[in-house]
Amino acid sequence: MRVLVTGASGFIGRAVVPELLAAGHDVAGLARSAASAATVGGLGATVVRGSVEDLGTLSVASAKADAVVHLAFRHDLAFAGRFAEAVASDLDAIEAIAAGLPEGGAITIAGATHGLEQDGAGVSTEHALPGALGAKRYPPTEAVLALGERGLRPSVVRLPPTVHGEGDAMFLPALIRNARERGVAGYPGDGQARWPAVHVLDAARLFRLAIEVAPPSSVLHAVAEEGIPVRAIADTLGRRLGVPTRSVPSEEVEAHFGFIGMVLGVDGPASSTLTRTLTGWEPRECGLLEDLDQEHYFATGG
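Source: prediction; values computed, not measured.

Visitor: Would you explain the sheet that holds strand E9 (residues 162–164) in this entry?
Guide: Paired through their backbone hydrogen bonds, the strands of a sheet run either parallel or antiparallel. Strand order across the open sheet formed by three strands is E9-E11-E13, with mixed pairing between neighbours. Looking at which strands have only one partner, the edges of the open sheet turn out to be E9 and strand E13 (225–229). Neighbouring strand axes in the sheet, compared pairwise and without regard to direction, differ in orientation by 40 degrees on average. Running at roughly 65 degrees to E13, helix H10 (residues 230–241) makes contact with strand E11 (194–199) and E13 of the sheet.

Pasting the structure below:
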């Protein structure tokens with residue numbers, strides 16, 4: 001297939017592009033800057049200059065594709081406390097992609113498992129706790145799944161808070177910086193809140209399977225480990241950094257952790273049982289704690 005990847009130069013995109021190329025797909029990657037273009041070209045993909053804000057460019061590029069893996073998201077707005085604007089921008093980008101994508105074309109986007117409730121069998125439901133990333137990212141999920149009514153093959157790959165691996169620049173590096181600056185590896189409350197996790201290379205395989213074999217309108221969970229207690233993550237950081245590990249009272253979590261505090265204390269296990277049944281996906285990379293024990297997470301100062 002001819003596949004367009006947005007966010008191709010990002011952490012996950014840099015894993016998805018080689019995965020698609022290795023499977024024999026013809027890949028084009030959206031790049032908003034010269035540096036991003038160099039990265040995308042270096043991965044072996046055709047470079048499409050533009051950003052997710054260039055809606056005309058998105059439609060034109062999508063018209064030349066059989067499938068789109070939409071990974072780009074306005075994290076600059078989200079981290080500035082303007083999450084609603086980031087979601088609105090994402091909805092515009094999805095509509096532009098859908099307008100160009102030929103009938104029968106596949107489109108998959110990234111969602112979030114964070115804060116999804118579990119049923120009695122431990123399977124994630126469609127309900128998320130208010131304020132959780134899973135709830136905030138739901139409007140794009142809803143918009144994409146509705147594209148099945150327009151003759152497209154939509155799917156959503158929900159990512160856990162921790163997508164780990166070399167090049168990670170999100171929550172784990174933020175926790176490392178926090179522990180270094182404060183001289184303590186903290187965890188909220190009793191530390192039993194659980195974080196699901198997946199290695200970036202395993203996540204990349206699931207994005208490929210989503211456009212290749214997933215049934216239309218599938219919601220897939222890129223979850224290799226259903227829930228790791230945040231206390232275990234803090235203990236690993238404390239040992240690696242040589243700092244003590246301690247509990248942070250709930251009323252101090254936001255002040256202690258900053259933006260990451262809003263997700264760190266939410267108990268958010270997630271299941272990928274249905275995903276494995278639908279796609280045959282099986283994670284095969286190392287787990288979060290094993291990866292966090294590697295030098296690449298600490299070599300650059302966190």
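Visitor: Any chance you could explain the packing of aromatic side chains here in plain terms?
Guide: Two numbers describe a pair of aromatic rings. These are the distance of the centres and the angle of the planes. Applying the stated rule across the entire model yields one aromatic pair. Consider the rings of Phe-171 and Trp-195, whose centres lie 5.7 Å apart with planes at 55 degrees: the pair is tilted. Of this pair, Phe-171 sits in helix H8 (residues 171–182) while Trp-195 sits in strand E11, and the two are 24 residues apart along the sequence. Here the two residues Phe-171 and Trp-195 agree in accessibility, since each one is buried.

Visitor: Teacher, can you tell me more about the sheet that holds strand E2 (residues 26–31) here?
Guide: An order of E3-E2-E1-E4-E5-E8-E12 is seen for the seven strands of this open sheet, with the pairing classed as parallel. For this open sheet the edge positions go to strand E3 (46–49) and strand E12 (218–221), each flanked by a neighbour on one side alone. The sheet shows a mean angle of 20 degrees between the axes of neighbouring strands, taken without regard to direction. Where strand E5 (residues 106–112) lies against strand E8 (residues 153–159), seven bridges are found, and the strand directions are parallel. Note that in E8 the partner of Ile-107 across the bridge is Pro-154. Running at roughly 160 degrees to E3, helix H2 (residues 34–43) makes contact with E2 and E3 of the sheet. Contacts between helix H7 (residues 138–145) and the sheet are confined to E5, E8 and E12, with E8 contributing the most and set at about 155 degrees to the helix.

Visitor: Is there a simple way to think about the environment of Ile-97 in this case?
Guide: Mapped onto the elements, Ile-97 comes out in helix H5 (residues 83–100). Note on Ile-97: relative accessible area 0%, which makes it buried. As for Ile-97 and Leu-55, which are separated by 42 residues in sequence, their C-alpha atoms are 8.0 Å apart. Apart from residues no more than four positions distant in its own chain, Ile-97 is found in contact with Thr-6, Leu-58, Ser-62, Val-68, His-70 and Ile-107.

Visitor: Looking at this structure, how should I read the nonpolar core?
Guide: As a rule of thumb, nonpolar side chains are buried together in soluble globular proteins. Ranked by size, the top nonpolar core spans 35 residues in total, and within it Val-5, Ile-12, Leu-159 and Phe-207 carry the most contacts. Among the elements of the structure, strand E1 (2–6), helix H1 (13–22), E2, H2, strand E4 (67–70), E5, E8 and helix H9 (200–212) are those that each provide at least two residues to this core. Among all residues touching Phe-207, those that are not within four sequence positions of it are Ile-12, Val-16, Val-69, Leu-71, Thr-108, Ile-109, Ala-110, Val-157 and Leu-159. Formed by 27 residues, the second largest nonpolar core is a distinct cluster that contains Leu-172, Val-248, Leu-264 and Leu-288.

Visitor: Would you take a moment to explain H8 for this structure?
Guide: At 3.6 residues per turn, the α-helix brings residues three or four places apart onto the same side. Between its first and last C-alpha atoms H8 spans 16 Å; for twelve residues at 1.5 Å apiece the expected length is 16 Å, and the two agree. Within H8, the full set of buried residues consists of Phe-171, Leu-172, Pro-173, Ala-174, Leu-175, Ile-176, Asn-178 and Ala-179. Backbone geometry just downstream of H8 places Gly-183 in the positive-phi region, at approximately 70 degrees.

Visitor: What is the right way to look at the pairing of E1 in this model?
Guide: The two faces of the sheet receive side chains in turn, since in a regular strand these alternate between them. Counting buried positions over the five residues of E1 gives four, a clear majority of the element. Strand direction decides the pairing type here: E1 and E2, joined by four bridges, are parallel. Directly across from Val-3, in E2, lies its bridge partner Val-27. Relative to E4, E1 runs parallel, the two sharing four bridges.

Rules used throughout
- Residues numbered from 1 in each chain as written.
- Predicted model: local features only at pLDDT ≥ 70, side-chain atom pairs only at ≥ 80, totals over all residues.
- Heavy atoms only, no water.
- Pairing = 2+ DSSP bridges.
- Helix = DSSP H or I, 4+ residues; strand = E, 2+ residues; numbered from the N terminus.
- Axes fitted to C-alpha atoms, helices over the stretch in contact; angles between N-to-C directions.
- Contact = heavy atoms within 4.5 Å.
- Phe/Tyr/Trp six-rings, centres within 6.5 Å; stacked < 30°, edge-to-face > 60°.
- Buried < 20%, exposed > 50% of the residue type's maximum accessible area, 1.4 Å probe, protein only.
- Core = buried A, V, L, I, M, F, W, Y, C linked by side-chain atoms within 4.5 Å.
- Expected span 1.5 Å × (residues − 1).

Taken by themselves, the reported measurements are silent on function.
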